[in-house]
Amino acid sequence: MRDGRPSDVSLAGLTAISGLVDAISYVGIGQVFMANMTGNLLILGFAAGDPSKFPLVATAIAVLGFFLGAGLAGRLTDRVSNVRRRMVLAMTMETSLFAVTTVGSFLLPTTQAGRYPLIVALGLAMGGRNTVVRRLKIPEISTTVVTGTLANLAADSVLGTGKRTRARRRAGEIVSLVLGACVGVLLLRHLGFNATLAALTLLMAVITALYAWRTSPTRAR
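About the cut-offs
- Residues numbered from 1 in each chain as written.
- Predicted model: local features only at pLDDT ≥ 70, side-chain atom pairs only at ≥ 80, totals over all residues.
- Heavy atoms only, no water.
- Helix = DSSP H or I, 4+ residues; strand = E, 2+ residues; numbered from the N terminus.
- Buried < 20%, exposed > 50% of the residue type's maximum accessible area, 1.4 Å probe, protein only.
- Contact = heavy atoms within 4.5 Å.
- Phe/Tyr/Trp six-rings, centres within 6.5 Å; stacked < 30°, edge-to-face > 60°.
- UniProt positions renumbered as here; feature names shortened; annotations may be inferred.
- Polar contact = N/O pair within 3.5 Å; in protein donor to acceptor, adjacent residues only side chain to side chain.
- Axes fitted to C-alpha atoms, helices over the stretch in contact; angles between N-to-C directions.
- Parallel < 35°, antiparallel > 145°, perpendicular 65-115°, else oblique.
- Left-handed = near helix turned anticlockwise from the far one by under 90°.
- Nonpolar A, V, L, I, M, F, W, Y, C, P; charged D, E, K, R; others polar.

**Notes on the side chain of Asn130**
Topologically, Asn130 is positioned in helix α5 (residues 112–134). On the basis of relative accessible area, Asn130 is assigned to the buried category, the value being 10%. Non-local contacts of Asn130, meaning those with residues more than four positions away in its chain, are made with Phe66 and Thr144.

If you want it as structure tokens, here you go:
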């Protein structure tokens, strides 16, 4: 990681965070994804057909927040060429947005409209992360969706070519997302919405600190 590129372990941790965030948003907020925009676009289509059963406004806000976050991160990656600096900055911003969401969960009303600012903050965080990680151009890694990863894992398994290309990395990403989602639901059930957001912020802060430490130029020497 001397060039600042995160290890597979670091990326798996970020993928687990995505699963945790989507658990918080889909279960805690209600039928809206923060990391999985494909799911949100489908929900928008469902809501257009039957708005009484699907959260049209919340989902539209999530897509808009994600779009804005991805756009701003595009500017960040264009202006900050150093990979380590870019990743540390992006991960710190994500942690900060999680912290803002946590504080907001305590201060804002627990109504549907009161959740909208939280959706915006989480959408910004996930959109920004998606852009920053994708610009690393690491095969099989986005840390937010794993549909292509699952398809490639199957295609190169014993059922397909048998080549097992990057099988460990692919499987690790899939397991990390599922594990993060599972942990998120368990935390929501036992700790509640606000405490789960606080746990998310703490975990992201730890991942950020570990990445910054492991890729430190002074440590590399």
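**Side note on the packing of aromatic side chains**
The tally for this structure, following the rule as stated, stands at two aromatic pairs. Centre to centre, the rings of Tyr26 and Phe33 are 4.9 Å apart; their planes meet at 25 degrees, and the pair counts as stacked. By relative accessible area, which is 35% here, Tyr26 ends up partly exposed. Ring centres of Phe46 and Phe54 lie 5.4 Å apart, and the angle between their planes is 45 degrees; this geometry places the pair in the tilted category.

**Details of the UniProt feature "transmembrane region" (unreviewed entry) in the protein chain**
Those residues carrying the UniProt feature "transmembrane region" (unreviewed entry) are residues 12–34, 54–76, 88–108, 114–132, 171–189 and 195–213 in this numbering. What you have in residues 54–76 is 91% helix and 0% strand, and the ends, taken at the C-alpha atoms, are 34 Å apart.

**A look at the side chain of Ser142**
Structurally, Ser142 is set in the loop between α5 and α6 (147–155). Residue Ser142 is classed as buried on the basis of its relative accessible area of 5%. A polar side-chain atom of Ser142 sits 2.9 Å from the main-chain carbonyl oxygen of Val145. Setting aside residues no more than four positions away along its own chain, Ser142 makes contact with Val133 and Arg134.

**Comments concerning the packing of helix α4 (residues 83–107) against α5**
Packed helix pairs are specified by the crossing angle of their axes together with the interaxial distance, meaning the distance between the axes. α5 packs onto α4 with a crossing angle of 165 degrees between their chain directions and a minimal axis gap of 9 Å. In terms of orientation, α4 lies roughly antiparallel with respect to α5. For α4 against α5, the interelement crossing comes out left-handed. For the pair α4 and α5, contact is made by Arg86, Met87, Ala90, Glu94, Leu97, Phe98, Thr101, Gly104 and Ser105 and by Leu118, Ala121, Leu122, Leu124, Ala125, Met126, Arg129 and Val132, respectively. Across the contact of α4 with α5, the residue classes tally to eleven nonpolar, three polar and three charged.

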